[in-house]
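Residue strings, one per chain:
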Amino acid sequence: MNAFTRRRFVAATVTAAIAPTLTSRGDEDTDGGWIDAHVHVWPKDREKYPISPKFKKAAVKPPEFSPETLRAQQKGTGVERTVLIQMSFYGFDNSYMLDVIESDPDRYRGVALVDASEPEPARRMADLAEGGVGGFRLSGSPEKVKEWESSPGINEMWKAGAEQGLAMCCLVNPEALPAVHRMCRKYPETPVVIDHFARVGVGGEIDQEQLDGLLGLARFDKVHVKTSAFYALGEKRPPYTDLAPMFRQVRDAFGSERLMWGSDCPYQVQGEHTYEASVALVRDRLAFLSEEEKTDILRNTAEKVFFG
């Protein structure tokens, strides 16, 4: 019995366990509409879904961000499907994310965490893919990322990504992009997604040299970029139009068919930042985007990479 079959065997129990945090789909159509390619969710229940000992419970803020809360934020924005990103404070235990996907596999897909130091990470990737996972998060400091090239487990993951059509989702700072570039050159057929513009602009000003490092990855056909986490970049104030010049350069380099939008909830819905403001930057405020390009960024690219 494979991993996904086992999950379906316990589907009734799983759905009942998380039902209080889920919103009924009702008559909503999840075949159309926008896709949020970057959301984190977690429950209040610390017994069924324990926090990793490496993290302090006090560091989990907000204490809960449920699918129900997410759907309330998405209501009226045109967003109907979501890619869930495994939270680091659960370590390599992807259980809650998988349970949410199992509750509504038409609406959700996932990006999981796998321990590359354990034996056979490719087998683990294949098992998780059967549960609705389409990518695997890789993150680290520039020094840690440099070790990817010599890590047997990381190399196995990149190779399996090409063979299984699973994305390497890189949460890195601009300083780590040269190492990502080298991995892309080594594994050109592996799908890659760079999160949050590679965090160019986190310090406030958009540094052109750092941005050029991101733009250089456009030479690899399988590299995609998440236009996401607007609350954390540049001036860090809605309506985020100060990000337009960077956004345009990235569009020019990669083409809209390799860009996808993500909110980075729950962090996008704190203080003056709102879900609607994040969607609106792409939907309404970037005059250089055609309607076809907006559809690529808000739906088609994430659909291809994660829902295809």
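Residues numbered from 1 in each chain as written. Predicted model: local features only at pLDDT ≥ 70, side-chain atom pairs only at ≥ 80, totals over all residues. Heavy atoms only, no water.

Visitor: Help me understand the sheet that holds strand E7 (residues 223-228), please; the structure alone is not making it clear to me.
Guide: Through backbone hydrogen bonds, the strands of a sheet pair up, either in parallel or in antiparallel fashion. The 8 strands lie next to each other as E1-E2-E3-E4-E5-E6-E7-E8, forming an open sheet whose pairing is parallel. Since the sheet does not close on itself, it has two edges, and those belong to strand E1 (34-39) and strand E8 (259-262), each with one partner. Strand-to-strand twist of the sheet, defined as the mean angle between neighbouring strand axes without regard to direction, takes the value 25 degrees. Sheet analysis places strand E2 (residues 79-85) next to strand E3 (residues 108-112), joined by 4 bridges and oriented parallel. (Pairing = 2+ DSSP bridges. Helix = DSSP H or I, 4+ residues; strand = E, 2+ residues; numbered from the N terminus. Axes fitted to C-alpha atoms, helices over the stretch in contact; angles between N-to-C directions.)

Visitor: Explain the side chain of Thr-82 here, please?
Guide: The topology assignment puts Thr-82 in strand E2. Here the side chain of Thr-82 touches Gln-74 through a polar contact of 3.0 Å, side chain to side chain. Those residues within four positions of Thr-82 in sequence are excluded, and the remaining contacts are Asp-36, Val-39, Leu-70, Gln-74, Arg-107, Tyr-108, Arg-109 and Phe-307. (Polar contact = N/O pair within 3.5 Å; in protein donor to acceptor, adjacent residues only side chain to side chain. Contact = heavy atoms within 4.5 Å.)

Visitor: Can you walk me through helix H4 (residues 95-103) in this structure?
Guide: Owing to its 3.6 residues per turn, the α-helix brings residues three or four apart onto one side. When you tally the buried positions in H4, you get 7 out of 9 residues, the bulk of the element. Among the residues of H4, Tyr-96, Met-97, Leu-98, Asp-99, Val-100, Ile-101 and Glu-102 are the ones counted as buried. (Buried < 20%, exposed > 50% of the residue type's maximum accessible area, 1.4 Å probe, protein only.)

Visitor: Looking at this structure, how should I read unusual backbone geometry?
Guide: For residues besides glycine, phi is generally negative; the peptide bonds are generally trans as well. That bond from Pro-238 to Pro-239 is cis: its omega, 10 degrees, falls within 30 degrees of zero. By the secondary structure assignment, Pro-239 is in the loop between E7 and helix H10 (244-254). Cis geometry is adopted by the peptide bond preceding Pro-266, which originates at Cys-265 and carries an omega value of 10 degrees. Mapped onto the elements, Pro-266 comes out in the loop between E8 and helix H11 (275-284). For Lys-236, which is not a glycine, the phi torsion comes out positive at approximately 60 degrees. Following the sequence through the fold, Lys-236 ends up in the loop between E7 and H10. Judged by relative accessible area, which is 27%, Lys-236 ranks as partly exposed.

Visitor: Would you take a moment to explain the pattern of salt bridges for this structure?
Guide: For side chains bearing opposite charge, pairing can occur when the charged atoms are close. Evaluation of the coordinates by the stated rule reveals 13 salt bridges. Glu-293 serves as the salt-bridge partner of Arg-251, at 3.1 Å between the closest nitrogen and oxygen. On the criterion of sequence distance, the pair formed by Arg-251 in helix H10 and Glu-293 in helix H12 (residues 291-307) is long-range, its members being 42 residues apart. Glu-293 shares its class with Arg-251; the two are buried. (Salt bridge = Lys/Arg side-chain N within 4 Å of Asp/Glu carboxyl O.)

Visitor: Got a minute to help me understand the packing of helix H5 (residues 121-129) against helix H7 (residues 152-164) in this structure?
Guide: The description of two helices packed together rests on the angle between their axes and the distance between the axes. Interhelical geometry of H5 versus H7 gives an angle of 40 degrees and a closest axis separation of 8 Å. One element, H5, and the other, H7, form an angle in the oblique class. Like other packed secondary-structure pairs, H5 and H7 cross with a definite hand, here right-handed. The residues of H7 that touch H5, namely those facing Pro-121, Ala-122, Met-125 and Ala-126, are Gly-153, Glu-156, Met-157, Ala-160, Gly-161 and Gln-164. (Parallel < 35°, antiparallel > 145°, perpendicular 65-115°, else oblique. Left-handed = near helix turned anticlockwise from the far one by under 90°.)

Keep in mind these numbers describe shape, not what the thing actually does.
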